[in-house]
Structures are given as structure tokens and as C-alpha cells.
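Each chain is listed here by its residues.
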Protein chains: 6
Amino acid sequence: MKKIVLTGAAGRLGSYLREPLSKMCDTLLSTDIVDDIGTLYEGETFVQADLAQMDEIKPLLEGADMVVHFGAIVDEAPFEQLWGPNFVGSYNIWEAGYRHGVRRIVYASSIHAVGMYPRREFIGTDVAHRPDGFYGLAKCFTEDLGRMYWEKRGLESVHLRILSAAQVNNPRALGTWLSYDDLIQLVTRAIDTPTVGFTVAYGVSNNDRCPVDNANASFLGYRPKDNAEEFAEKVLAEAPEADPTDPAQMCHGGPFASVDLGSSGLAQMNVVDDRKKS
Amino acid sequence: MKKIVLTGAAGRLGSYLREPLSKMCDTLLSTDIVDDIGTLYEGETFVQADLAQMDEIKPLLEGADMVVHFGAIVDEAPFEQLWGPNFVGSYNIWEAGYRHGVRRIVYASSIHAVGMYPRREFIGTDVAHRPDGFYGLAKCFTEDLGRMYWEKRGLESVHLRILSAAQVNNPRALGTWLSYDDLIQLVTRAIDTPTVGFTVAYGVSNNDRCPVDNANASFLGYRPKDNAEEFAEKVLAEAPEADPTDPAQMCHGGPFASVDLGSSGLAQMNVVDDRKKS
Amino acid sequence: MKKIVLTGAAGRLGSYLREPLSKMCDTLLSTDIVDDIGTLYEGETFVQADLAQMDEIKPLLEGADMVVHFGAIVDEAPFEQLWGPNFVGSYNIWEAGYRHGVRRIVYASSIHAVGMYPRREFIGTDVAHRPDGFYGLAKCFTEDLGRMYWEKRGLESVHLRILSAAQVNNPRALGTWLSYDDLIQLVTRAIDTPTVGFTVAYGVSNNDRCPVDNANASFLGYRPKDNAEEFAEKVLAEAPEADPTDPAQMCHGGPFASVDLGSSGLAQMNVVDDRKKS
Amino acid sequence: MKKIVLTGAAGRLGSYLREPLSKMCDTLLSTDIVDDIGTLYEGETFVQADLAQMDEIKPLLEGADMVVHFGAIVDEAPFEQLWGPNFVGSYNIWEAGYRHGVRRIVYASSIHAVGMYPRREFIGTDVAHRPDGFYGLAKCFTEDLGRMYWEKRGLESVHLRILSAAQVNNPRALGTWLSYDDLIQLVTRAIDTPTVGFTVAYGVSNNDRCPVDNANASFLGYRPKDNAEEFAEKVLAEAPEADPTDPAQMCHGGPFASVDLGSSGLAQMNVVDDRKKS
Amino acid sequence: MKKIVLTGAAGRLGSYLREPLSKMCDTLLSTDIVDDIGTLYEGETFVQADLAQMDEIKPLLEGADMVVHFGAIVDEAPFEQLWGPNFVGSYNIWEAGYRHGVRRIVYASSIHAVGMYPRREFIGTDVAHRPDGFYGLAKCFTEDLGRMYWEKRGLESVHLRILSAAQVNNPRALGTWLSYDDLIQLVTRAIDTPTVGFTVAYGVSNNDRCPVDNANASFLGYRPKDNAEEFAEKVLAEAPEADPTDPAQMCHGGPFASVDLGSSGLAQMNVVDDRKKS
Amino acid sequence: MKKIVLTGAAGRLGSYLREPLSKMCDTLLSTDIVDDIGTLYEGETFVQADLAQMDEIKPLLEGADMVVHFGAIVDEAPFEQLWGPNFVGSYNIWEAGYRHGVRRIVYASSIHAVGMYPRREFIGTDVAHRPDGFYGLAKCFTEDLGRMYWEKRGLESVHLRILSAAQVNNPRALGTWLSYDDLIQLVTRAIDTPTVGFTVAYGVSNNDRCPVDNANASFLGYRPKDNAEEFAEKVLAEAPEADPTDPAQMCHGGPFASVDLGSSGLAQMNVVDDRKKS
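Residues numbered from 1 in each chain as written. Chains lettered and ligands numbered in written order. Predicted model: local features only at pLDDT ≥ 70, side-chain atom pairs only at ≥ 80, totals over all residues. Heavy atoms only, no water.

Colleague: When you look at the relation of the copies chain D and chain F in this model, what are you seeing that I'm missing?
Modeller: Of the two same-sequence chains, chain D is brought onto chain F (RMSD 0.0 Å, axial shift 0.0 Å) by a rotation of 180°. Here the symmetry operator amounts to a two-fold rotation axis. The C-alpha atom lying nearest the rotation axis in chain D is that of D:A128; the distance is 2.2 Å. A shared interface surface links the copies, since 100% of the contact residues of chain D are contact residues in chain F too. (Least-squares fit on C-alpha atoms with pLDDT ≥ 70 in both. Contact = heavy atoms within 4.5 Å.)

Colleague: Could you clarify how one ought to interpret the interface of chain A and chain B in this entry?
Modeller: Counting residues at the interface gives 33 residues for chain A and 33 residues for chain B. Remark: the boundary between chain A and chain B carries two salt bridges. For the salt bridge of A:R130 with B:E151, the shortest nitrogen-to-oxygen distance reads 2.5 Å. Counting the contacts that link chain A with chain B gives 14 residue pairs in polar contact (both at pLDDT 80 or more). Contributing elements (two or more residues each) for the side of chain A that touches chain B: α3 (79-99) and α4 (134-153) of chain A. (Salt bridge = Lys/Arg side-chain N within 4 Å of Asp/Glu carboxyl O. Polar contact = N/O pair within 3.5 Å; in protein donor to acceptor, adjacent residues only side chain to side chain. Helix = DSSP H or I, 4+ residues; strand = E, 2+ residues; numbered from the N terminus.)

Colleague: Even after reading the chapter, I still don't get the packing of helix α3 (residues 79-99) of chain D against helix α3 (residues 79-99) of chain F, so can you show me in this structure?
Modeller: Relative orientation of the contacting elements α3(D) and α3(F) amounts to 145°, with a least axis distance of 13 Å. Relative to α3(F), α3(D) is oriented so that their crossing is right-handed. Between α3(D) and α3(F), the residues in contact are D:F79, D:E80, D:W83, D:F87, D:V88 and D:Y91 and F:F79, F:E80, F:W83, F:V88 and F:Y91, respectively. Counted by class, the contact of α3(D) with α3(F) contains nine nonpolar, no polar and two charged residues. (Axes fitted to C-alpha atoms, helices over the stretch in contact; angles between N-to-C directions. Left-handed = near helix turned anticlockwise from the far one by under 90°. Nonpolar A, V, L, I, M, F, W, Y, C, P; charged D, E, K, R; others polar.)

Colleague: Even after reading the chapter, I still don't get the sheet that holds strand β6 (residues 156-162) of chain B, so can you show me in this structure?
Modeller: Backbone-to-backbone hydrogen bonds join strands into a sheet, with any given pair of strands oriented parallel or antiparallel. All names here are of chain B. Read from one edge of the open sheet, seven strands run β3-β2-β1-β4-β5-β6-β7, paired in parallel fashion. Of all the strands in the sheet, the pair left with one neighbour each is β3 (44-48) and β7 (198-203). The sheet shows a mean angle of 20° between the axes of neighbouring strands, direction not considered. Here helix α1 (residues 12-22) sits on the sheet in contact with β1 (3-7), β2 (27-32), β3, β4 (66-69) and β6, set at roughly 170° to β1. Helix α6 (residues 180-192) rests against β1, β4, β5 (104-110), β6 and β7 of the sheet, and its axis sits at about 165° to β6. (Pairing = 2+ DSSP bridges.)

Colleague: For this particular structure, what's the right way to read the relation of the copies chain A and chain B?
Modeller: Expressed as a screw operation, the relation of chain A to chain B combines 0.0 Å of axial shift with a rotation of 180°, fitting to an RMSD of 0.0 Å. Counting the interface residues of chain A, we find that 100% of their copies in chain B are interface residues as well, pointing to one common contact surface.

Colleague: I would appreciate a short explanation of the interface of chain D and chain F in the present structure.
Modeller: A common measure of how large an interface is: the accessible area buried when the components associate. Every contact between the two is made by 33 residues of chain D and, on the other side, 33 residues of chain F. Of the roughly 2,800 Å² buried between chain D and chain F, counting both surfaces, carbon and sulfur atoms make up 66%. On inspection of chain D and its partner chain F, the count reaches two salt bridges. Joining chain D to chain F, the criterion identifies 14 residue pairs in polar contact (both at pLDDT 80 or more). Only α3 and α4 (134-153) of chain D provide two or more residues apiece to the side of chain D that touches chain F. When residues in the side of chain D that touches chain F are grouped by element, the largest group, twelve residues, is from α4(D). Each residue belonging to the side of chain D that touches chain F can be placed in one class, and the counts come to 20 nonpolar, three polar and ten charged. (Buried area = accessible area lost by both parts, 1.4 Å probe.)

Colleague: So what exactly am I meant to see when it comes to the pairing of strand β4 (residues 66-69) of chain D here?
Modeller: A regular strand places its side chains on the two faces of the sheet in alternate fashion. Residues and elements named next belong to chain D. Burial of the side chains of β4 extends over both faces: M66 and V68 are buried on one face and V67 and H69 on the other. Pairing of β4 with strand β5 (residues 104-110) involves four bridges; the strand directions are parallel. Looking at the pairing, V67 lines up with I105 of β5. (Buried < 20%, exposed > 50% of the residue type's maximum accessible area, 1.4 Å probe, protein only.)

Colleague: Honestly, the pattern of salt bridges in this entry has me stumped. Any pointers?
Modeller: Pairing between side chains of opposite charge can happen when the charged atoms of each approach one another. Per the stated rule, a full pass over the model turns up 78 salt bridges over all chains. Across the pair C:R104 and C:E156 runs a salt bridge, and its minimum N-O distance is 2.9 Å. Taken together, the residues span a long stretch of sequence, with C:R104 in strand β5 (residues 104-110) and C:E156 in strand β6 (residues 156-162) at a distance of 52 residues. Here C:R104 and C:E156 have matching classes, each one buried. Members of the salt-bridge network, linked through shared partners, are A:R189, A:D192, F:R209 and F:E229.

Colleague: Would you explain the packing of aromatic side chains in this entry?
Modeller: A ring pair, where both rings are aromatic, is described by two values, the distance of the centres and the angle of the planes. Inspection of every chain in the model, using the stated rule, returns 90 aromatic pairs over all chains. Ring centres 5.9 Å apart and planes at 45° place the aromatic pair E:Y135 and E:F256 in the tilted group. Remark: E:F256 occurs in the loop between α8 (247-250) and α9 (266-270) and E:Y135 occurs in helix α4 (residues 134-153); sequence separation between them is 121 residues. The pair formed by E:Y135 and E:F256 is uniform in burial state, with each residue classed as buried. A:R130 extends its terminal NZ or CZ atom over the ring of A:Y117, reaching a point 4.7 Å from the ring centre. Sitting over the face of the ring of C:Y98, C:R153 holds its NZ or CZ atom 3.9 Å from the ring centroid. (Phe/Tyr/Trp six-rings, centres within 6.5 Å; stacked < 30°, edge-to-face > 60°. Lys NZ or Arg CZ within 6 Å of the ring centre and 35° of its normal.)

Colleague: What's the story with the arrangement of the chains in this structure? I'm lost.
Modeller: Chain C makes no contact with chain A, the minimum C-alpha separation between the two being 14 Å. These two, chain A and chain D, are apart from each other, with no contact and a minimum C-alpha gap of 18 Å.

Colleague: Is there a simple way to explain the sheet that holds strand β7 (residues 198-203) of chain E in this structure?
Modeller: Residue and element names in this part refer to chain E. One open sheet accounts for seven strands, arranged β3-β2-β1-β4-β5-β6-β7; its pairing is parallel. Strands at the two margins of the open sheet, each flanked by one partner only, are β3 (44-48) and β7. Neighbouring strand axes in the sheet, compared pairwise and without regard to direction, differ in orientation by 20° on average. Running over the sheet, helix α3 (residues 79-99) touches β1 (3-7), β4 (66-69), β5 (104-110) and β6 (156-162) and is turned about 170° from β4. The strands that helix α6 (residues 180-192) touches are β1, β4, β5, β6 and β7; relative to β6, the one it contacts most, it runs at about 165°.

Colleague: It is not clear to me how α1(B) should be interpreted in this structure. Could you clarify?
Modeller: At 3.6 residues per turn, the α-helix brings residues three or four places apart onto the same side. Those residues of α1(B) lying buried are B:L13, B:G14, B:S15, B:L17, B:R18, B:L21 and B:S22. Turning to α1(B), the residues buried within the fold contact β1, β2, β3, β4, β6 and α6 of chain B.

Colleague: Just checking my understanding: could you explain the confidence of the model for chain A for this structure?
Modeller: Detailed reading of the predicted model is not advised wherever pLDDT is low. Of the residues in chain A, 96% reach a pLDDT of 70 or more, and the chain-wide mean stands at 95. This model gives residues 271-278 of chain A a pLDDT under 50, and the stretch forms twelve contacts once residues within four places in sequence are excluded. (pLDDT = per-residue confidence, 0-100.)

So this is what it looks like as C-alpha cells:
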């Protein structure tokens, strides 16, 4: 493959993808709204750009085979804040991709597109949307947009509904954890599968307590290796008493399911950046 | 009921709703982006406003019990044109409604939210979205938004997926026609049903060839009376030869399913304003 | 047919069934726990009996072709009160029926066997049980018992999940009403259909707002004629403001869905005996 | 339409179709294995031919727009007898149709393609096959063939699974009757619907006791008018005692479900040719 | 956890649970209808009690966090025998649990709640009940009761539908075996999962020939380790000739599916108490 | 077991089955249309026969317990060529089996019975047929025939829908590969499972990218061991650019989905006989 574009390259997940992606193509063009992503990998270039600005985004996709689109505000926030990067940003990527003949877009979608389903339902990849906030609504928007570009214009996309790619420090994460290795495998499969059309797959490790069903995306061959059960004893022992009346504990979206719409700062409360620790 | 707000009051469908809605409440506040909607009905007031501007929209909803939200660009068009009225406009209505304690929003959604399904599938109201253009994508966005406001904030909504509310002048319309009388019944049911939560219902008359399934919304009690079959003989006789390779003839979305994304002018080609004729 | 046994013959619904049943067989044996059911119809005999006592029930079924089992406490009540007539009573009827070679039992089941389903789901006859109280739990028990006697012993049964056979004096009843004429048609179909195996059918009139799906029982040929919509205008005008957070308004079971378990007196509050009025 | 070919024109159903079909096209070419079908209608021609012989069939379809394929042995019979007309005959029609550019084939399929389903299941048009004999197996074969020609070669077909187009003289027929008027309407819809792709529809009147579900074919607009319930009282009174252990009474296929495979003469036992009586 | 109550502590399965449960809480209160369960584990106390007597059961649950309810007659038997311990006993546990604020009940349900389903259907945890005897009917009753207490009163429960927890000495058991280790894991997961609401899970080991689907309970994280396939060669070699007309061999319930209703002694015939052997 | 008959014994798959089958019975009668299959295994006899000729086939099945029916033309070909061996041949096997009291037939069906389903659907074993050619149509015919013989005559059968039992030399085969060891396991399970009724199972190895769902056949205990992922890196590196508009790459049937109907020679193009290489 000649060229891959990675958005959100400075983000927590994006930064883990830079190295493996750089090895899958001649040129990895990394982009982010921040102005520095540190030392570049071989074959990697960096361009600062704002996803919400088509004139900044469009030129980056010229000649690209695929886009790995992980750029966005990664937290629940007011609609007015998300509108630019998370909604318009997705449109810009797909429309620019189409204009430049990009073959496929691999998108960091989220469980929050369907976060209001009760956890007791082992939801598949084809259930109707039930977003748990504006953040999830942007994922719904992008998935529908991606399906439309595939069905009307033949632009392929894989939508990775990531459950939680963070430290396993609460009971929910025993089911929802996506390890970095598994993330990389999943993105790799989304890229190397010859044809995908429009595909949705959950991004979750091989956890004993995994609450979602990836069967429909089986042809991708994603077979996660890690299992959060190794953290179970410690996490359960430290967990506060459970409350079955709390949507945060009964819905797939977790804390997003009970938080106020548009309340910025949620992810920060729940995520500890484990890179700093190691 | 004290107050209903009608958006898109100058539009083709909105103008048919003004009179019946004015009789269901003390005050009907009609609004549109045009500056004149003609003679007002008893109890009706008019305020010009741009859906895309929260500061113009928010004051209108003060004290309202319900909003009948029919305002939007009613045609496939570039995303950049629809973004303001059809996307942000929906957000403005729901957010303003929530801020003012509005009880319910009745929304003119569309078959184009699911237009890429093959017509051979008798689709229900709970299938996943498959928009056939940016116009349909805005409907998907608003339905997901409405579901979220219900599940997170208790704001009810009914989403009327209108199939085609226009003259029956082509074979597809034999199945998709929604007569004005049936439109009024449907909106009335969406208003007078005591509780609705989040409900989706197809807006279609009692046509012999009706291709969609309203079973899940049965509790609304919508029972259409009109039947496009009276036009069948004439319409079929005048129709050009059918082409089963054309998505426009095989998908629920009709011409939207085969038109280029964002191509403005589609609805104008297919709709004749029959009010001018009578 | 030679002999039909009717239990609960003195009850509100049972008393409406006596006359039509008496015309369908040589002998109608009516029974109830009260000691008098008034003037008998031609061919009808009456025996007082307690459903909870096998030695009182068993002799009555000798030589019977079918049993129409409407006897029970018809209200939510503590388990200890329902245990005898509603649980053991059903067992007594089926076991006595089997011992005497009865061909079929037609049972007055209830929507309360599935009352906790959200009304927004157009539930069919084959969904899993979700009782809304002990009264509904007895219906679940009897349906499962009936299915077992069919599958293990070849004793047929039809379970009529009655929604509400009472005056239409509240919004819910616009959807759930079962008129007496339609009740009689339904019981007649349950009897005259040549073979039924184990069948569940909802007992509801042809209401515009009917919230349940009888498709699976279509072969019975039950086609209700009455429609509660004639009462809609009056009932909706008099209804108190709706509350979408109240299970009584959002679940199929109506008031049973929100009442305390085992709270006797519920049906009395909601039902007015309209026979006294005419 | 210029030309329609009708096979089985001398058969009981075929002979009812000749007149209406002759009015829908310039030329109706009727064919059958018998050598005389009586007086021809205006625009009708007749050619004797054996369905099992490609060289006899192929020339007939030249220039045809559609084929209405009702020719076959219409009874359970040994495979060796059905093989020619019912299996190879179908292949000959489709292959000849494809070679001549025929646009659509309307086929007399049968409930016996799915006759082993329990009647208690309200089966739709998309369930997997469960034939009740070699006669039904030929229908399965032809439906699968038709789907393949549509999906691989774009040749449209409508498969009419007729339940029972005969006098209503037994309880099963109260549910399964297809009147001649409704047959004609169904065939007309199968012809005049502009595009159909591959469609399956049950051929059954508007009987109260109809046991099958045509929802998926709703877009055809088939709305039957007749109702066998008018015969119910007489038929039920004369019926022998029912037996719920007999597949003939518990399965959709009726007597075919319990008869020995390949036992010729079944249809003759169950069908009285009512044309002779009037 | 402070206190767990274990019923049926002297039973075959209960006796295996005593030790692990005693380690999960400060106090394990074991109870059974027999008057001695042998040496107690650390933290364990024993009280003899009859499940059918509320006044004996209610005091035991005071201060309990959870109840592990394995007490019952564990065999098909006449309804009159099961009524007390298996039906009323369940009610007593749930009602006493509710009165004392117990948080969760873990219940030994059984495959016999759905035993009449054909084995060819890979049944999930949400199919409608199809009991194969009175023993299974009591399981249906308790599951419905448990769902009701959760939906009306917030009392959680996990219903473990055990397939067969006995020696693998017949072909059916190759699919249905639940090893003691896996039983303990399953009960542990049912206890340590923070919130469960109402959950049903099949109790079966990781057998190659496992015939049921636990997907919906995936969030529990039950991942069985044992596999009955190690016994396959010996068991299949010794098995008598199979009979596909026998419900015992074609239904999930096995021998229960073909035995007479209420025939006591069934389990004894099929189960060898392997503890005596080791 | 006394006697097994293997058809297609000289074929690529049949030849792998001879040895293991010879060990499962006293007598293995191998047959094929060729006149020599080489050295016989212990207990094996060979008879040349033409599947299309009942008088040649029927005598072979006398005294047989089971038939493993792998004989057929194994390629897309004109209907006229397949009619004898693939259609009539199946009938001959089943009818002769029934006449001789054979207990079960294990049949080499194929993914091509459902080859037109989009690969994005994780299809189970009970979806309706969608053949991708005449070869697949013969598989549909035989599956329906087998179901009928089971439901009408009690003759069991297992239909193994083999995906691709050939070298892994293209991207599709990464998902569809069935190794010879897994083939043997699958056939063994189809034989040693005590009762099977009518069962369909996909023949595919434990590939990461496996695109089909065998859940419904879980009771068979087929647990494949091999995984084509070992070939992934090489195969993907050598693959030509993918084309998501090509049915061959988007449908389960692979190349069969896009090839012309009846075009002989397809399998030869895609299969390399790896036995020659080792």
C-alpha cells in the first residue's frame, strides 16, 4: 500500500497506531489538531490540521489508499463543541476521501453509538442506534454516513465500536476492555481484509465478560488475545457496592448512560492514561 | 392544550397542518424562514425565524406543550446546505424544547432515512438506518437525537417517516402515497396519544401497494383511509418501461436511491404542487 | 358437542358466555364458587364447586368434550389468596380433564402474563412471559401447564390473553378493550376450530389503537368487529395529564404494571360493572 | 404488452386465466400437453407442447414479454412421473425465457413447498423450504431456480404459492381457499407491478382463517376480496371429528402432509371440479 | 459479603457448593429439610427447615446479602408432591428475601423448563418456556416469579438452567454435562458479577456437543473448562441403538421429554451418585 | 456398524474418506463412476456404478446402515449435465436408502446452496436457499429432498455444506478452507452422533476469518482444529487488488457468484489438487 492517512495521531489510541501503520505502507501521513506528535517513525510525515476545516483536510488525502480516522474530541461534550470535529470532521474525511478516490476508511466508532441498550442484551453489530450522549450521536452520524457512501458511492469503511481502551480499573471494564495489542490487530484486520463494503465491528478484547457480539463481522478474522479477567479479583474487591438501578451499571454505555447530556469531562474521570505509568 | 409550535409552516405539508393544529390548542405559533404565510387561522400567530439560529428558535418554544417540527430543506442537497436547517435545526428544536419543558416533539422524518433497503423487504419501524442521501442522513441524525433526548431526558417524540406526500403520478407512489387527510390523522394521533416515549411511524396511506410495516406503532391508532389504487390504471398505463436494475425502482427510497449524493433539485423534479391545480 | 363445562359462570365474563355456550352443546355444566347463578338457560345445569378442591372439580368433567375455564380470582391479590383458585385450580382442571378424556380447554388467560413489556413493543403470542403481579403469574403458570399437557399428553388448549373486558373509561382501554360480542366470537372460534394444539391468542377488539399482535393465531379466524375508537374523543378529553415515567402508562399491563405486588382491590378500582348500568 | 405465454392452459386454474390474460396483451399464446383447449379468446392462439421437451417449448417463448407458467402435473405423484413436466419443465421455461429475453415469469408454486410447517406457525414468504412430497419438492426446485435466474441473470419471477383453489368442502379450506376472482387479481398484480425481482406470495383469499403471512409481498398490492367464512357453518357441521395427532390437520400442507410420498391420486380425492357443477 | 444462605445444602449439588460459598462471606447459613449435613466448614452454620413453611424460612434470610437457592425435590414427581417445596418454596424464598432486603437470589433452574424444544434448535436463554414435566413447570414458575420480583421490586436473580450435573454415562450427557468445577465457577460468577438484574444462564460445561446458547448471559463471564468429549468413545460404544422417534433422544429435556408426567423416580434411574465412587 | 456405502469414492474428498470410514464399519462399500479406485483398505469393496441409474445404485445399499454420499459432478456445469448425477443421483440414493431401511445419509452439500448471500451476513444453517449456479441448485434440491424424507419417512440425513476443501491460495479461502483432518472429523461426527434427524452443518475449518455460523448444529460436536490464518500473510501479499463491486469477492459463493450459469470448468480453475504435491 502506498499511503495511509491517520487522523488523531496525537491521541491516546492514535499514538499507539502510528508505528504499526507506518509499517503497512510506503507513506503514513499523520495528522492532528496539535502541532507536534514527537519523533516520527520511518515513512511517517506529520501535518497539523483541523478536521472541521475541509480546506485543511482535503489536501492531505490526495493519493491515499486508506484513511484511519481516529481524530475527534474523545469525551461527552456539548453539541456545539462536537459539531465541528466529530460531525463535520467525519463528513470532511468521507467527502475528501471520495473526491480523491480513497478506497477505504477505518473509523474509531464507539459503544456509545448503542450505549443505551441494556447490558443484558448481547447486542450484535446490526442493532438500531441508541446513543447515550452527543459523543455517541456523532458516532451514529458517522456510521450512517459511512453506510451511505458505501451504498451510493462504493467507498468502503469499517467502523470499530471501541468499548473501552483504557486501564481496567472498574468492574465494567472487565467486560469492555480493549488492549492495545488487540486494538492493533483489529485495525490491521480492518485494513488487510480484501473487501469489506460497510462493516461494523466491536473493539473489545477476548474478555470472559465481553458483553457484545461480533459474529456478523466474523469474516474480518479479528480474534483478540487479551483477557481482562486477570484483573478481576483486584477490581471486584475494590469496587464500591453495585446499584442495579443505575443506568451506568446496567447499560452498555456505562457512565455515559447516566451522565447529563453534553457534560464535558466524563472521559477524564474514567480514564487514567496508563502510558504515563509504565 | 395551551400552545403548539409548528415549524415549516409555509411548506407544502406545514401549510396543510396549520388549520387542524390551530383547533387543537389555545395558541398555535407558526414559524418559517419565509416572512409571510398568508392569512392566519383563529388562535394562530406567526413568527419568522431561521431554524439554524438558536437565538431565534429558543424564545418561540417558551410555554409550548408540543412542537410539530416540519421545517427543513425538503430535498436532497449538498451537506453544506442541509447542515444548518436540517441538522443544527433539529438540535435547536430539541435542546430549546428541553430547556422550556416541552412535552413532545412530532417530527417530519422520511422514508429516506431507510431508503436503501430493497423494496422487497417489508421494513418495520425498528430496522437500522440506511439513508439514501444527505437529506435522509439528516432524518437519521434527528431520529437518533430524539431517541437520546427521550432516554436521557424524558422528552417524548414521534418520528413520522413520510413516504411521499405528493400527487400520485408514478408507479412508486401507488405504494408510497400519503394523502393530506391521512397526514392530518397521523399528526393528530401523534399528538393525542397520551404517552409515546420515542416512537417511529411510517407516514403512508392505506394503499394496496404499501411497502412498509407500521405494526410496532399500532398503539398510536393511526388507521389511514385513502388508497392510491384509484390512480393505478392511469399511472401504470402512462409509466415508462420498468427497469429492475435501477435502484430507484427497487429500493424504498425511490429516485433518491439512485441520484447522486447532494444533487439539489430532486424533489422538484418529482413533485408537482397540486394545490395550484385545484 | 355433548357437554361443555364452564367455570367461573357467575363472574362478569362467565355470565356473558353462558347463553352462547348453552347453544353449542347438549349440556352446559356451569360451575362457580358462589351458590347461585340465577335462571338457567336451556340445557344448562349448575353445580357449586371450589376450583381448589380436586374432589369437587373432578366429577364435573366426566363426559365433557371441552372446558371453558374462566373461574379464578380476577384481581391482583396476595399469592396466598390466589394459590388455591388460580394455581391449584388450573392444575385441577387440566388433570381432571386429562383423566376424563376431555378434548380441549379454553382458558381465560390475561395480558398480565406479559404485562411488563413496554407498550411500544407490538408483542406477539410467543414472547417469553413477563408477569406484572401474582395474578399474571398464575396466567403464566397455567399457560406453561397447558403447553405441557398438550406436548406430553395431547390435551389441547387455547389461552385467551384478555386485555380488558370492561367499560372504556380511560385512554389505555382505547387500545385494550374487548367487547362482549368479540369475547363471544373469540370463545366460539376457540371451540369450533377443528384442531388447535396449544394456542395463545390475545382477547382484544378491533380497536384502532390495539397494541398486540395476534398473527400467530390467525388460523383461528378470530376477526373482532368492535372498535373502542368511538369512545376516544370523550375519554381523551376527560383523561388526566399523561406521565411517560409511569409504568402504568408505558407497559402493556397498565395499572397492574405499577401497583404493588399482591395488592388486592386493583381490578375493582379500574372496572365498573356496566351490566348494572344498562 | 405484446405477448404473454400461458402454460397449463387446459388445466383447472389455467382455463380461468385465459380470458383475463388475453385482455392484457396483443397475443396470448396458450399451450398445454392436451391437444385442444376449446374456443379461443380474441388474441389467443394455442399450441400443443410438452413442457419436458425443450425443442417444443423454446420456440413458443420467442418475442414473449412474460410467461404465466401454470403447466405441471397437479398432484402428488412418483418422482419419475413429475421429473419431466414439473422439474425439467420449469428449467425449460426459465432457460428458454432467458434465451429469448423474456422479462418475467409468473409461476404457480404451492403451499406444498412449505407444507410440513405446523399450521400454528403463521409462516411468511421467506421461511426455508419444507416440502411435503415430490409435488412440493418440484415447487421448491422451481423457486430456487427462479431466485437464481434473477440473481445471476436478471430474469424476474413471481412465485404464487397457491394454498387451495378448489371448492370449500373441508375445514382446512376455510383457511386455505383461493377464489377464482382472487386468483385472477393475484396474477394480474404479479404482471402489472412494474418491478418485482424475485418475489414469493401466497395465493389465498381474504379468509378469516388464513394461516399464512403475505406481508413481505405487500408491495404487489394483492388485496383479496373473497372469504371462505361464508361456508364455515356448513363445512364445520359436516366435518368428521378432528384429530390433533394427524399431520394432515396440524400442518400447512393438509392431506399432503400425511400421505405417502409419491402416492398419485391425492388431489383428485380432495378436489371436486366445481366448474362442472355450475 | 456478610451472609449467604444456601438452601438444599444436603443435596448432591448443594453439598459441593458449601465449601466455596463459605469462603465468599463471613457467614454461610446452610439449610435443608434433612437434619444433618455433616461437619461444617469455617463460617458455616446449619439450620434445618422446610422450604414450604414460610415461618421456618423467613427468619433464616434476615441480614442475608444473597441466597443460593438449590433446595427442591430434584426429580419429576406428581404435582401434589412438588407443590410445597418446588413452588411454594420458591415463593417463600423470594418473598422472605424481599422482606429482608436480600440483594440477589441465585437459583438452580433446569433445562427442563425448556425441555420440549427439539435438540436441533440451539436454544438461547430467552425462548418461551416449554416444560417437560411438573419438575420443569416449577422451574418455569420460579423464573417468571424471579423476573417479576426484579421488574416490580428490584430484587435481582440469576437462574442457572442446569443441563445435567451427573456422571457422563449416556450419549445425551456428552452434550449436557456440567462438571462440579464448572458448577462452582458458574455460581461464583452469578454472585460476583456486580449487577445482574434478571438473568438466565445455562449450566453446562465446555462440551464439544453442547446444545444450548449462553450468549445472552455473556456479561457474566462464565467460561466453563471441562469437556465431556473425553468420555465420548466409551459412552458411544456402550450406547444402545439410537431411536430418532423417541422424544428422549430428540428433545433438550432428554428422558424427561418422554416420561409420563408426574412419574417419580426418574432422576434416580439416570443419575449415579459419583461421590460414593470416589 | 455393519456397512457403510461411500459414493464418489474416487473423488478428491471421497478418496480421503475411504480409510477412516473403513475403520468405522465391518464393510465399506465404495462406489464411483470410474472403474478403479486403487488399492482397497481392509474391509473395503468397490463397485463401479452410475448414480443416475437406479438399477445400478439400489442393489449397493442393501443391508447398509448409512450412506456417505459424496458422488456428483463437482463443478458448475450446464443443467443437462448435472441432471443425472447431481439431481437424479440424489433421489436414487434416498429412495434406495429408504427401500433398504438405511438409517442415515451423510451428504456433501455445499456453500453454493446459499452462495448468493452477501459475505457480510454471518449466515446460519437455516437461511432460505440462494444458489449461485446449477451446481448449487442441485445441493438445494438434495437438502430439500433430505428434509422431506426425514419428515415424511424418518430417514435421517446430515448435509455438510462444504465451503472449500482445497489449497488455500486466495484470500477467500482464508475464511472458507476445510482441511482434510477437519473434513474427517466432521464426517465422523455426522456418523457417530446418535440421532440427527435432518441437520445442516457448514464444512469449514477453525479459520479466524470463517464467515458462516454453525451454532444450530452445535449438538453434533464438530470442533474443527485447523486454521487457514497460517497462510494469510503469503496469500494476502500475492493477491491482486480487491474489487468490492465483484460478487465473487462479496458473496459467500465466491467465484461461483459471478460466473455465468452452467459454465463448466470453474472448479478446475480454482482448485489445485494438492494430493499430487505431497
